[in-house]
Every structure is written in C-alpha cells, then in structure tokens.
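Summary of structural features
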Amino acid sequence: MADRVTVIGWDGSPLTAAARSALSAATLVAGAAHHLALPEVPPTAERIRLGSLGLAARRIASHRGTAVVFADGDPGFFGVVRTLRAPEHGLEVEVVPAVSSVAAAFARAGMPWDDAQVVVAHPRTLRRAVNVCRAHAKVAVLTSPGAGPAELALLLEGVHRTFVVCEELGTDKEQVSVLTSDKAADHTWRAPNVVIVIGGGGQVSAAEPGWLLGQSAAQSPGPSGRGWARPQADAGEGESAQLRAAQLARLGPRTGDLVWDIGAGSGGVAVDAAALGAAVIAVDSDPRACERVTAAARKRGVQLQVVAGRAPHVLEDLPEPDVVRVGGGGAAVVAAVADRRPERIVSHASTRDEAEAIGRTLTEHGYAVECALLQSVGLDTRTWTEQDRSVVFLLSAERPVTR
C-alpha cells in the first residue's frame, strides 16, 4: 500500500505550498494530461493518466511510495476522494482542496448557487439528470462524454431553458457561452464542461436567502403549504383528496423521475408530484383543465409541462416515464401506457367491471396488479353530519424487476 496519498484539487490557480510540498515528495502522480504536464510534477515520478478511477485506485493502492492524485475542482465534491476511500482500496488520503467547478461556473455567471440542484450526468444517468432540469429552475450539470450540453438539449426538447456552458474552466482555453437550450445541440462542446440550466416558470433566485442547499426561500412552504393531497374546491369526479393521497403513495414520485399524469383534471396529483421533486408532464384533452393545471402549478411555485391532447395518441411523442397516473381513458389508455414500460402505473375505476378490465390489461402486459375498494365520507365538523361520499376502485401496478 502507498505510504501516503495526497489528493490535490486543481482550478487553474497556482499550487499552494501544501500541494507543492506533496508533489516534491511524490514517486507516483496520477491525473489528467493537463495535470501531468504541470512543471511541479517531479520528472522521476511515475505518471498515470486517469481514465478508470477504479483501475487507478488499485494501482495506487499497490504502489510502494508516496502518491499524488490530481482532480479538477474540489476532489471531495462528486470527485475522486470517494473512490479512493472505498473499502476495497483501503486508502487513507489527505486532501488539498480547490474551488469546485460548480462554484467556479456560478461565479463566472455571477449567480448565487445555494438554491441550485447539482447533478452528475453520465450516459446511464442522463435521462434522470434531464428530469431534474425539467423540474427545477436552477440546475448545475457536471457532464461527461456522451452526456454533455448537446445531449441535454436534445432530451429537453419541448422545454425551454437557458444554458450557461462553461468549458475548460481554469485553463487558458476557458470559455463561457450563454444560449437557449434549443441552440445547444447545434454546437460541439469541449470537455470538461459544466452546464448551468436556468428557466421555467419558477423563481430562479429569491432575494431572501434560504436555509437548505438546493432549495430557495420561495420554495419553503408557508403556514398553509405543508402536506399534499389537500382538498380542492375545483376537484372533479375521481379527484377526492383521499384518492389522490393513495395514488401519490403508490406512485412514489421522487427527484429524477418523470411522472405522466394523464387526465390531469384540476392538477392536484401533478402539482403534488412536482412538489415532491419529480418532473411532471400533465396531459388533458380539455383546454380549460390545462389552464387550471398551469394556474395550480404557478400558485404552488412548482414547474411542470402541460400537454393538451387526447390519450393515447398524444402520448406517442412524450419522453419515457418512470411512473404514470391514468386519471381517464380506461383500459385503452392503460394499455398504451403499459407498452412504454414505466415502473409503476396507478389508475382508478368507478365500477367493478371497469376495474377488472383495467386490471386484466395490466396483467396481460406483465405487471403485478393490486386493487382496493376505497370509501371515504366527509363530515361537517359543525354538526358531524355526512357531507359527501366517495367510493372508487384503486388499481396500482408494478413492473417486475428483471435480474
């Protein structure tokens, strides 16, 4: 095992005394090409070009001597420190930090970033990173080959955002470009880069500071803003607060998910799912319903996309969902949704025959189906008399996990 491992963050600034001291004693230096070309790297030290972090960590662990690992920005922020400290490598490291690339990018843009979401985009996580950009007004994306600004823009098709693309921060080739997301796919971008994605209907930066990283003061719920599935005066048939609460519980929307709400109605489920951090596409054939959903999202301070059209045809061009609520359309729409293979599907029916038809459709598509009869009675607490009654079949389906 290496006698000593020092991780040096690099942001283009002159190396600190601690970094120079560690480098002068190094017998192995690992980093990117621009790190290994620094004049402070000892000519006699073994040099490793960082590609696979796992392979480099194994090589460093087997080295007999003093190792230095370079990383752009802050190596403890989505960086190499986590890999080096993994139990399988057993490395204890000393860290000489630098300004993170996210902090540098927002500094170049002249913007605060305590209210920003920060995501890492790899080809395997790109879709989830895009969903965060759909759901939030300010997101910093740490990109990678195959998951850069152009790919982000292509997957955001139909959603307008502003991109601040920061290329090769800290080098003499540094460049910052500001453009709309529909133009970003037309460019070839140099790596490494950070993309700040801004826009949507939410407030990008509140004047009042927040208290939690990634959440602005404007997003904090007021005295009446706590909870979900709250009663709505304009709720339609099949939109009782109790049914919406049960549907949300079974959908389990979370950050990085894309939720389809088909037959969105008043927008209760769509807005709540967005408030829980998911990206949401609300679909309804009624233009007035679309207006109500837009107004409800604006009032709640969340972002979602509203699509006017009739399912199942309007679903063909929508991006792949993670979970779906089918609020209308019956078995035919449920079948079209199941063809897209979301993880979970939730629907409801007013009759047993309709519930059986939906359940049979989901089973034929390979989903594990549950059905429950929900009955709720509202009471007037002044007289404790019955106010309204709702009886509905709740269906939830889960796609089996493939191993």
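Our structure is the block above this text.
Residues numbered from 1 in each chain as written. Predicted model: local features only at pLDDT ≥ 70, side-chain atom pairs only at ≥ 80, totals over all residues. Heavy atoms only, no water.

1. Some words on the pattern of salt bridges
- This model, assessed by the stated rule, comprises 18 salt bridges.
- Of the charged contacts in the structure, one is a salt bridge between Asp322 and Arg127, with a shortest N-O distance of 2.6 Å. Placement of Asp322 in the loop between β13 (305-308) and β14 (323-326) and of Arg127 in helix α6 (residues 126-135) is noted, with a sequence separation of 195 residues between them.
- Arg127 gets classed as partly exposed once you look at its relative accessible area, which sits at 32%.
- Among the salt bridges present, the one from Asp286 reaches Arg288, with a minimum N-O distance of 3.5 Å.
- By relative accessible area, which is 24% here, Asp286 ends up partly exposed.
- Exposure remark for Arg288: the relative accessible area of 58% places this residue in the exposed category.
- Here the residues in one salt-bridge network are Arg127, Arg128, Arg254, Asp257 and Asp322, joined through shared partners. (Salt bridge = Lys/Arg side-chain N within 4 Å of Asp/Glu carboxyl O. Helix = DSSP H or I, 4+ residues; strand = E, 2+ residues; numbered from the N terminus. Buried < 20%, exposed > 50% of the residue type's maximum accessible area, 1.4 Å probe, protein only.)

2. Observations regarding unusual backbone geometry
- Omega for the peptide link from Ala191 to Pro192 comes to 0 degrees, which places this bond in the cis form.
- Among the structural elements, Pro192 can be located in the loop between α8 (181-184) and β10 (193-198).
- Here the amide bond leading from Ala311 into Pro312 is cis, since omega sits at 10 degrees, within 30 degrees of zero.
- Within the chain, Glu168 stands out as a residue other than glycine whose phi angle is a positive 45 degrees.
- Within the element layout of this structure, Glu168 appears in the loop between β8 (162-167) and β9 (175-180).

3. Overview of the environment of Cys133
- Mapped onto the elements, Cys133 comes out in helix α6.
- Among the residues examined, Cys133 registers a relative accessible area of 0% and is labelled buried.
- The spacing of Cys133 and Arg161 is 28 residues in sequence and 8.6 Å in space, taken between C-alpha atoms.
- Ignoring any residue separated from it by four or fewer positions in sequence, one finds Cys133 in contact with Val139, Val141, Leu156, Arg161 and Val197. (Contact = heavy atoms within 4.5 Å.)

4. A look at a nonpolar patch on the surface
- A grouping of Val377, Leu379 and Trp384 is seen on the molecular surface, where their side chains present a nonpolar patch of about 320 Å² in accessible area.
- Looking at where Leu379 falls in the secondary structure, it is placed in strand β16 (residues 368-380).
- Assessed through its relative accessible area of 42%, Leu379 is described here as partly exposed. (Patch = residues over 30% accessible without salt bridge, like charges linked within 9 Å, V, L, I, M, F, W, Y side chains within 5 Å. Areas by Shrake-Rupley, 256 points an atom, 1.4 Å probe, with all protein chains shown as cover.)

5. Describing the packing of aromatic side chains
- All chains considered together, the criterion is met by three aromatic pairs.
- Ring centres 6.5 Å apart and planes at 70 degrees place the aromatic pair Phe77 and Trp113 in the edge-to-face group. Pair noted here: Phe77 is in the loop between β4 (66-72) and α4 (80-84) and Trp113 is in the loop between α5 (101-109) and β6 (117-120), with a separation of 36 residues, a long-range link.
- Taken together, Phe77, Phe78, Phe106 and Trp113 form an aromatic cluster joined through their ring pairs. (Phe/Tyr/Trp six-rings, centres within 6.5 Å; stacked < 30°, edge-to-face > 60°.)

6. What about the sheet that holds β9?
- Strand order in this open sheet of five strands is β6-β7-β10-β8-β9, and the pairing throughout is mixed. The strands lining the two open edges of the sheet, one partner per strand, are β6 and β9. Along the sheet, successive strands turn relative to each other by an average axial angle of 20 degrees, direction set aside.
- In this structure, β8 lies alongside β10, joined through six bridges in antiparallel fashion. Paired with Thr162 across the two strands is Ile198, which belongs to β10.
- Each of β6, β7 (138-142) and β10 is contacted by α6, which is oriented at about 165 degrees to β6, the strand it contacts most. (Pairing = 2+ DSSP bridges. Axes fitted to C-alpha atoms, helices over the stretch in contact; angles between N-to-C directions.)

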